[in-house]
Amino acid sequence: GEDVEQSLFLSVREGDSSVINCTYTDSSSTYLYWYKQEPGAGLQLLTYIFSNMDMKQDQRLTVLLNKKDKHLSLRIADTQTGDSAIYFCADVNQAGTALIFGKGTTLSVSS
Amino acid sequence: DTAVSQTPKYLVTQMGNDKSIKCEQNLGHDTMYWYKQDSKKFLKIMFSYNNKELIINETVPNRFSPKSPDKAHLNLHINSLELGDSAVYFCASSQDLAGSHNEQFFGPGTRLTVL
């Protein structure tokens, strides 16, 4: 079945770069997403990438997509303590009716 | 102005009770969703509702039923609550179904605790 996998934890120091990785199984994916969840809050769309792109940059965020390996990554440059949150990778299910989320990567940023 | 709102924010109840969680979106979206987030933060789709078409995740027990009185509301009714239903339930909405690129806007969540 469709699946999205992520590592569960990442710990970095303030000012360093963070890289969160994700793999997915559905080769027909057209869009892939990164959502951010701060403590006690709902999810917010952080960024997304269309499947015909290899890279997308948005200020401190860089998304890399390797479609051959079905690998997606999110790089946060100059990570700040305010970036501490859970980051979810998401793919659209084959029926196109909902998002399938990875288990979320908890990013912890220490000063 | 809150885009997607849910009530209540917290719900504590006894096993066997029936409860409802309400969701409203003021974005004019056509599609609404319910997701369940368990204690490990794993997030899974329960229902998608688009133009009166309900798409159910087959793993959801039939004790759960979404009800949409109009396009802006999708409420979640849960019958005969069980301990395993304890979780955070998120409502979300998008302009169209997930297949075409649509940002999903999430509500703040309802933390359900079943005792």
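Each chain has its residues counted from 1, following the order in which its sequence is written. Note on labels: chains are lettered from A, ligands numbered from 1, in written order. This being a predicted model, a pLDDT of at least 70 is required before a residue's local features are given, and a value of 80 or more before pairs of side-chain atoms are given or counted; all residues contribute to the totals for chains, interfaces and linings. Side-chain numbers here rest on the full set of heavy atoms in the structure, without hydrogens or water.

Draft legend 1. Summary view of the pairing of strand 5 (residues 43-50) of chain A. Residues and elements named next belong to chain A. Two strands pair when backbone bridges link them, and strand 4 (residues 31-37) and strand 5 are joined in this way by 7 bridges, in the antiparallel orientation. Bridging across to strand 5, L32 finds its partner in I49. By this definition, two strands are paired if DSSP reports at least two bridges between them. Strands are runs of DSSP state E lasting at least 2 residues, helices are runs of H or I lasting at least 4, and numbering of each runs from the N terminus. With antiparallel pairing between neighbouring strands as the criterion, strand 4 and strand 5 make up a hairpin whose turn holds 5 residues, including G40 at a positive phi of roughly 70 degrees.

Draft legend 2. Structural view of the interface of chain A and chain B. Taken together, the 21 residues of chain A in the interface contact 21 residues of chain B. On the chain A side of the interface with chain B, the three residues burying the most area are L43, T97 and F101 of chain A, jointly 26% of the side's total. Salt bridges are defined by distance alone: a side-chain nitrogen of Lys or Arg within 4 Å of a carboxyl oxygen of Asp or Glu. Inspection of the region where chain A meets chain B yields 0 salt bridges. Polar contact is defined as a pair of N or O atoms within 3.5 Å, subject to the rule that within protein one atom must be able to donate a hydrogen and the other to accept it, and that residues adjacent in sequence are counted only when both atoms are side-chain atoms. Linking chain A with chain B are 4 residue pairs in polar contact (both at pLDDT 80 or more). Secondary-structure elements contributing two or more residues to the side of chain A that touches chain B are strand 4, strand 5, strand 9 (85-92) and strand 10 (99-101) of chain A. The element contributing the most residues to the side of chain A that touches chain B is strand 4 of chain A, with 4 residues. Its residues placed into classes, the side of chain A that touches chain B shows 14 nonpolar, 6 polar and 1 charged. By definition, residues are in contact when any of their heavy atoms lie within 4.5 Å. Buried area is understood as the total, over both parts, of accessible area removed when two parts are fitted together, assessed with a 1.4 Å probe. Gly counts as polar in this scheme, as do all residues outside two lists: the nonpolar Ala, Val, Leu, Ile, Met, Phe, Trp, Tyr, Cys and Pro, and the charged Asp, Glu, Lys and Arg.

Draft legend 3. Main features of the sheet that holds strand 3 (residues 19-25) of chain B. Residue and element names in this part refer to chain B. Spatially, 4 strands are ordered 1-3-8-7 in an open sheet, and the strand pairing comes out antiparallel. Strand pairing shows two members of the sheet lacking a second neighbour, strand 1 (4-7) and strand 7 (64-67), which therefore form its edges. With direction set aside, neighbouring strand axes in the sheet form an average angle of 20 degrees. Sheet topology note: the strand 3/strand 8 (residues 75-78) ladder contains 3 bridges and is antiparallel. Bridged to K19 within strand 8 is I78. Comment: axis = line fitted to C-alpha atoms, over the contacting stretch for helices; angle = value between 0 and 180 degrees taken between N-to-C directions.

That is the geometry; function is a separate question.
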